[in-house]
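Below, each chain spelled out in residue letters.
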Amino acid sequence: MNTKLRSRSSIRYFLFLIYNLLLLFLFPLLGGQSPAHKFLLSKLKSIIFSLGFFISYLCAGQRGTAQQTSYQEMFILGGMNGDIGVVETSDGGFVTTGQSETGSSGGCDIYVFKKDLCGKLVWFKNYGGGGNDGGTSIQRTSDGGYIVGGLYADYDAVLLKIDANGNQQWFKTYGGGGDDRSIYAIQTSDGGYIFAGHCTSFGAGGWDAYVVKTDNAGVMQWEKTYGGGGTDFSSYIEPTSDGGYIVSGSTTSFGSGGYDLWLIKIDATGNVMWSKVYGGASDDGGDWNTRAPVTADGGFILTSYSASYSNGGRDIFFVKTDNAGNLVWAKSYGGGADEESRFGYPLNNGNIVSTGYMRSFGFGGMDYYLLLTDSAGNLIWCRTYGSSGDEKAMSVQQSSDGGFVLCGNTNSFGANYYDIYFIKTDSAGMTTCNTNTVTPTVTVSVPAVSSVTPTVTSPTAEAAPVITVNNLYPALTRLCIQCYFEAKYTYCKNQLQLTMYDSSACIPTNWYWDFGDGYTTTGQNPSHVYTTPGTYFVRLVAADSTTFCVDTVLTSITVDLVPVSQFTFTNNVCYGTPTQFFDLSNGSINSWYWDFGDGTYDTIQNPVHLYSVPGTYNAELKVVYDGFCTDSLTIPVYVRPIPVADFSSQNVCLNVPTSFTNLSAVSSGAIAANLWNFGDGTGTSSQPNPSYVYSSPNFYSTTLIVTSDYGCKDTIIKTYEVFPLPTASFSATEVCLGYNTVFTDASAILGDTIVNWYWDFGDGFTDVSQNTQHLYSNFGTYFVELKVVTDEGCADSTSPLIPVIVDPLPIANFTVNPVCESDSAIFSNTSTVITGTVIGSLWYFGDGDSSLLTNPAHLYSDGTWNVTLGVISDKGCFDTVIKTLIIYPLPLPYFGFASVCAQDTVFFSDSSVVSSGFLTTWIWDFGDGSVNSYQQNPGHIYLDPDTYTVELIVY
């Protein structure tokens, strides 16, 4: 296949040289516009175009075959050690790094160069000191620059930070007194950097795996080594979804024998979470080539080589694990000689790509290979690239066009040094020269898997060397004839006039236009006026005098009038509601450019746009046909502000109206409608500032929806409490006058606390105690009010007023006849009561005797006695009276007289005595039937002599 490709390349060179000369010398002639020119040159044009189309076909420049640029090229620079890492740039180009001696500051230097998307060299720079320095990996950083991992002076690990143009920003080394290497470096999520490599300065002995984490300025944050008593390498690191990292490499300290593949799962600070090895009795993996990117399922795919599971020598070796390092499958790919994978990773579609070198297949010696499998390791295709010498690929990167870029070194071409060998393929891995399709044997294997515990150390060392940066311009040789441009154009129609624009990404050097109406011209961007509207087939033939490439494109275009921009939209939308735009433009249109007037844009025909703030925006629609024919229209768009619903109220007591004060506002316009929902299931209002009486205590969420005069709405919900009312109540004793009435509070409240009591006793007196007593000055019925207040200020009063009765006292009284000794004192009870009746009496006679009779009689001895009468009314009221009773002694009657004769006057002489008091009355009964005498010392004449019994009664 190599012979055929080279033979075909020679034909291309020859034919294109002829065609290019024709283009250069005859294009001006072919551009003539007179009828004579057209008649004389019509046959010549036909021949030239036939030849051009034939050459275009041979050069793979026909429409549709050059959409993915592919080529092989080599940088000729003495002492080159080839590319080690490559990454696509943001503008579709590529940057790569490696080691070179030519142009260095002494020994070898790190180099980085950039190629644009057309494959042209943009810049090439060397960075180094006096020793041997080299780049081992390169990755884009978040600031648009790059981080380069590598070696410094053969003995220290390096991080080199450069900007997008290759200018050094900082250069730092890491390590100790031994040999320390950074093999693969990446930027971390915190803006810092981390690299994996190996070292002899620290660790458990010999080579140990080496990981260093830095901040965004390269200042070390931590560094750790992992290993055992043998040789331990790490050559890849990648973040995992849990915030830690997966580190891959190889080890002789652990495993089944020789080198084994090694996975180390560490956390964000380098602590080992788990560690596993995979392999057999022979060597599996080495110091540079064991990579283990994360797969879509969260597991890992190790790509390396194996001598334990091969078809002879070493084979490319894939090991798929889950996220805990457990084996899922393992496969090897190769032939009878040695094959090694130097870099592999999963693509976005799940397929796995790998590159390195093969000896079993290809052009002789070691050749680049590019191998693609599906996610299960099944072979899709395999290509080799190279010549009779040795080619060793070190890195692969899929490009945005679906193709692949491979880099490494070669001694088959150029100066027979290990020069940079750079290959760009299409998505099937094809280029136009030095390419073979091969079919390696695929072997399914089951390597031994074991968990191991490496020794972990945390050394500390860092240096800051002085680095020289040199700009270089190495020679470049392209091995394949390949057109790196595609004939493509756009055009602008202004009624019947078209302006043609060559829009190829990589611009050729010569153009030939056939407008399809009998007129032709040259030049990159011509203009042409059609005489009538219609459909025309326009042909562009583009050529490059440098690469001897040609491409042709034939496109039908319709010539009509310029487009007219017109649109409508949903106007007066409320803020927060998207505005729908409707294109109503006329004419041929294939692009729409909307400027919404707020600094944002869109390119779909009928966009929906959400404005971030209300206001008036000048929305512009620019309609475009083929990129350049345009018309625009600007119309103001009104985004109405949302009103801000707000109100205030207060917590109230039950039965008190809740007043709502509407505080809603709108920045422009007015509030046109209010809708209140008072939250109790029934109450609503449309008034601006309503009042509402709730029927029961509770928490109520009141909703206010306000609508502006443009129909924009806002809603607010606030919760207020309706406090329960207390129930004022009390009990009071019915008392007799002179006794305290006892008032006992019986008020109640649910869910709150009564804190104040106000008593009005109905007689002009008040009190504020909860339970109190009051002494009324008069009997009667008093109407008492109790008002209670809760801690929330809710009050209740007894209504109607509660009557409290103070009963009158009875008036104890009695009379008694004067009593003489030996006569009973007769007591007459004259006690009274104003209301009610006297129902009981209790007499204490003063001599130790008592009686419950109403009107008792009592016999005293003579003397003075204090008689007490107590009476009780039917209301239980009591009164007493004490009176002094004198029991008078009996007088002692005695008299004297002288015996007399009948008819003589007998004189009686009173000599009666009394112990107390005095005699007031004397009654004489002379015993002869005569009238009694009342004189103290009477005289009486007896008419007849006899014996008469005379009685004297004295009082």
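Since the model is a prediction, treat every value here as computed from it, not as a measurement.

What follows concerns the overall build of the chain. Assigned secondary structure in the chain consists of 2 helices and 79 strands. Evaluated residue by residue, the chain yields a buried proportion of 48% over its 955 residues. At a minimum sequence separation of 6, the contacts of the chain that also span at least 24 residues come to 55%. Surface accessibility of the chain: about 40,700 Å² in total, with carbon and sulfur atoms responsible for 53%.

In this section: the pairing of strand β15 (residues 245–251). Burial analysis of β15 places 7 of its 7 residues in the buried class, which makes it a mostly covered element. Burial of the side chains of β15 extends over both faces: Tyr245, Val247, Gly249 and Thr251 are buried on one face and Ile246, Ser248 and Ser250 on the other. Pairing of strand β14 (residues 232–239) with β15 involves 7 bridges; the strand directions are antiparallel. Following the sheet pairing, proline 239 is matched in β15 by tyrosine 245. Hairpin remark: β14 followed by β15, antiparallel, with 5 residues in the connecting loop; positive phi at glycine 243, about 90°. Where β15 lies against strand β16 (residues 260–266), 7 bridges are found, and the strand directions are antiparallel. By the bridge assignment for β16, serine 250 is matched with leucine 261.

As a further point, take the nonpolar core. Ranked by internal contacts, the top residues of the largest apolar core, which has 35 residues, are Val211 and Ile237. Ignoring any residue separated from it by four or fewer positions in sequence, one finds isoleucine 237 in contact with Tyr184, Ile186, Ile194, Phe195, Ala196, Val211, Tyr245, Ile246 and Val247. Membership of the second largest hydrophobic core comes to 16 residues, among which are Ala728, Leu737, Ile754 and Val784.

In this structure the tally under the stated criterion is 11 salt bridges. A salt bridge links glutamate 73 to lysine 115; the nearest nitrogen and oxygen atoms lie 2.0 Å apart. Separated by 42 residues along the polypeptide, glutamate 73 in strand β1 (residues 71–76) and lysine 115 in strand β4 (residues 109–115) bring together distant segments of the chain. The exposure class of lysine 115 is buried, given its relative accessible area of 0%. Between lysine 718 and aspartate 646 there is a salt bridge, with its nearest N and O atoms 2.8 Å apart. Of this pair, lysine 718 sits in strand β57 (residues 713–723) while aspartate 646 sits in the loop between β48 (629–640) and β49 (647–648), and the two are 72 residues apart along the sequence. A relative accessible area of 24% places lysine 718 in the partly exposed class. Here the residues in one salt-bridge network are Arg314, Glu340 and Arg342, joined through shared partners.

This brings us to the environment of valine 452. Along the chain, valine 452 turns up in the loop between β30 (448–451) and β31 (455–457). The contacts of valine 452, once residues within four sequence positions are left out, are Phe254, Trp262, Ser275, Lys276 and Val277.

Both strand β36 (residues 510–514) and strand β39 (residues 534–544) contribute to a ladder of 5 bridges, which runs antiparallel. Within β39, the residue paired with asparagine 510 across the bridge is alanine 543. Where β39 meets strand β40 (residues 549–559), 11 bridges bridge the pair, whose relative direction is antiparallel. Bridge pairing in β40 places valine 541 opposite threonine 552.

What follows covers unusual backbone geometry. The linkage connecting serine 799 with the following residue, proline 800, adopts the cis geometry, with an omega of 0°. The residue proline 800 is located in the loop between β65 (795–797) and β66 (802–807) in this model.

Each disulfide is one covalent bond, formed between the sulfur atoms of two cysteines. Tallied over the full model, the rule gives 3 disulfides. Through a disulfide, cysteine 653 is tied to cysteine 794; the S-S separation comes to 1.8 Å. When the S-S torsion is -95°, as for the bridge of cysteine 653 with cysteine 794, the disulfide is left-handed. Residue cysteine 653 is located in strand β50 (residues 652–653), and its partner cysteine 794 is located in the loop between β64 (780–790) and β65; the two are separated by 141 residues in the primary sequence. For the pair cysteine 653 and cysteine 794, a shared accessibility class is recorded, and that class is buried.

Read from one edge of the open sheet, 4 strands run β37-β36-β39-β40, paired in antiparallel fashion. If you trace the sheet from one side to the other, it starts and ends with β37 (520–522) and β40, each paired once. Within this sheet the neighbouring strands show an average axis-to-axis angle of 15°, counted without direction.

A few words on a nonpolar patch on the surface. Together, Ile839, Ile872 and Phe878 line one region of the surface with nonpolar side chains, adding up to about 270 Å² of accessible area. The topology assignment puts isoleucine 839 in strand β70 (residues 838–844).

Sheet strands associate in pairs through backbone hydrogen bonding, adopting either a parallel or an antiparallel arrangement. Taking strand neighbours across the sheet as the criterion, the 4 strands line up as β18-β19-β20-β29 in an open arrangement whose pairing is antiparallel. On the outer flanks of this sheet lie β18 (300–306) and β29 (441–445), each paired with one strand and no other. When strand polarity is set aside, the average angle formed by the axes of neighbouring strands in this sheet is 20°. Note: β18 against strand β19 (residues 315–321), 7 bridges, orientation antiparallel. When the sheet's bridge partners are listed, threonine 303 is paired in β19 with phenylalanine 318.

Overall, the coordinates contain 59 aromatic pairs when judged by the stated rule. Taken together, a centroid distance of 5.7 Å and an interplanar angle of 25° make the contact between tyrosine 309 and phenylalanine 317 stacked. For the pair tyrosine 309 and phenylalanine 317, a shared accessibility class is recorded, and that class is buried. Ring pairing ties together the aromatic residues Phe647, Phe660, Trp676, Phe678, Tyr692, Tyr694, Tyr700 and Tyr720, which thus form one cluster. The ring of phenylalanine 422 has lysine 115 lying over it, and the distance from NZ or CZ to the ring centre is 5.3 Å. Taking the ring centre of tryptophan 329 as reference, the NZ or CZ of lysine 331 above it sits at 5.7 Å.

Before going further, it helps to spend a moment on the side chain of asparagine 510. Positionally, asparagine 510 belongs in strand β36. Of note is the side chain of asparagine 510, whose polar atom sits 2.9 Å from the side chain of threonine 509.

Glancing now at the side chain of serine 445. Inspection of the secondary structure puts serine 445 in strand β29. When neighbours within four sequence positions are excluded, serine 445 is seen to be in contact with Tyr309, Phe317, Ala330 and Lys331.

The next subject is the environment of cysteine 199. Assignment of secondary structure puts cysteine 199 in strand β11 (residues 193–199). Given the relative accessible area of 0%, cysteine 199 is considered buried. C-alpha of cysteine 199 to C-alpha of arginine 181: the two residues are 18 residues apart in sequence and 6.1 Å apart in space. With residues near it in sequence (within four places) discarded, cysteine 199 still touches Asp179, Asp180, Gly206, Trp207, Asp208, Tyr210 and Thr225.

Attention now moves to the confidence of the model for the chain. Note: predicted coordinates in regions of low pLDDT should not be interpreted at a detailed level. This prediction gives the chain a mean pLDDT of 86; 87% of its residues lie at or above 70. Throughout residues 1–17 the model reports pLDDT below 50, and contacts reaching past four residues in sequence, or to other chains, amount to 34 contacts. Predicted confidence for residues 23–67 stays below pLDDT 50, and this span has 73 contacts to residues more than four positions away or in other chains.

Attention shifts here to the environment of tyrosine 700. Along the chain, the position of tyrosine 700 falls in strand β56 (residues 698–708). The spatial distance from the C-alpha of tyrosine 700 to the C-alpha of tyrosine 720 is 5.5 Å, given a sequence separation of 20 residues. Dropping the residues within four chain positions of it, tyrosine 700 is found in contact with Phe678, Gly679, Asp680, Tyr694, Lys718, Thr719, Tyr720 and Val722. A distance of 2.7 Å separates the side chain of tyrosine 700 from the backbone oxygen of serine 696, its partner in a polar contact.

Thresholds applied
- Sequence positions are assigned chain by chain, starting from 1 and proceeding in written order.
- Local features in a predicted model are, by the rule used here, given only for residues with pLDDT of at least 70; side-chain atom pairs are given and counted only at 80 or more, and totals for whole chains, interfaces and linings are based on all residues.
- Derived side-chain values reflect all non-hydrogen atoms in the structure, with water molecules and hydrogen atoms excluded from consideration.
- Secondary structure counts use DSSP, requiring at least four H or I residues in a row for a helix and at least two E residues in a row for a strand, with both numbered from the N terminus.
- Exposed residues in this analysis have more than 50% of their type's maximum accessible area, buried residues have under 20%, and partly exposed residues fall in between, with area computed by a 1.4 Å probe over protein chains only.
- Note on contacts: a residue pair is in contact if any heavy atoms of the two residues lie within 4.5 Å.
- Computed by Shrake-Rupley with a 1.4 Å probe, the accessible areas treat only the displayed protein chains as cover when residues are assessed.
- In this analysis, strands are considered paired if DSSP registers two or more bridges between them.
- To form a nonpolar core, buried Ala, Val, Leu, Ile, Met, Phe, Trp, Tyr and Cys residues must be joined to one another through side-chain atoms within 4.5 Å.
- Any Lys or Arg side-chain nitrogen found within 4 Å of a carboxyl oxygen on Asp or Glu counts as a salt bridge.
- In this description, the term disulfide denotes a pair of cysteine sulfurs within 2.5 Å.
- Lines are fitted to the C-alpha atoms to define the axes, a helix being fitted only along its stretch in contact, and any angle between axes, read from their N-to-C directions, falls within 0 to 180 degrees.
- Residues form patches when they are more than 30% accessible in relative terms and have no salt bridge. Like charges link within 9 Å. Nonpolar side chains (Val, Leu, Ile, Met, Phe, Trp, Tyr) link within 5 Å.
- Only rings of Phe, Tyr and Trp enter the pairing, Trp through its six-membered ring, and a pair is recorded when the two centres are within 6.5 Å. The plane angle decides the type: under 30 degrees is stacked, over 60 is edge-to-face, the rest tilted.
- When the NZ atom of lysine or the CZ atom of arginine is within 6 Å of a ring's centre and also within 35 degrees of its normal, the charge is said to sit over that ring.
- Nitrogen and oxygen atoms within 3.5 Å of one another constitute a polar contact, given that in protein one can donate a hydrogen and the other can accept it, and given that sequence-neighbouring residues count only through two side-chain atoms.
- Per residue, pLDDT captures the predictor's confidence, and it can take any value from 0 to 100.

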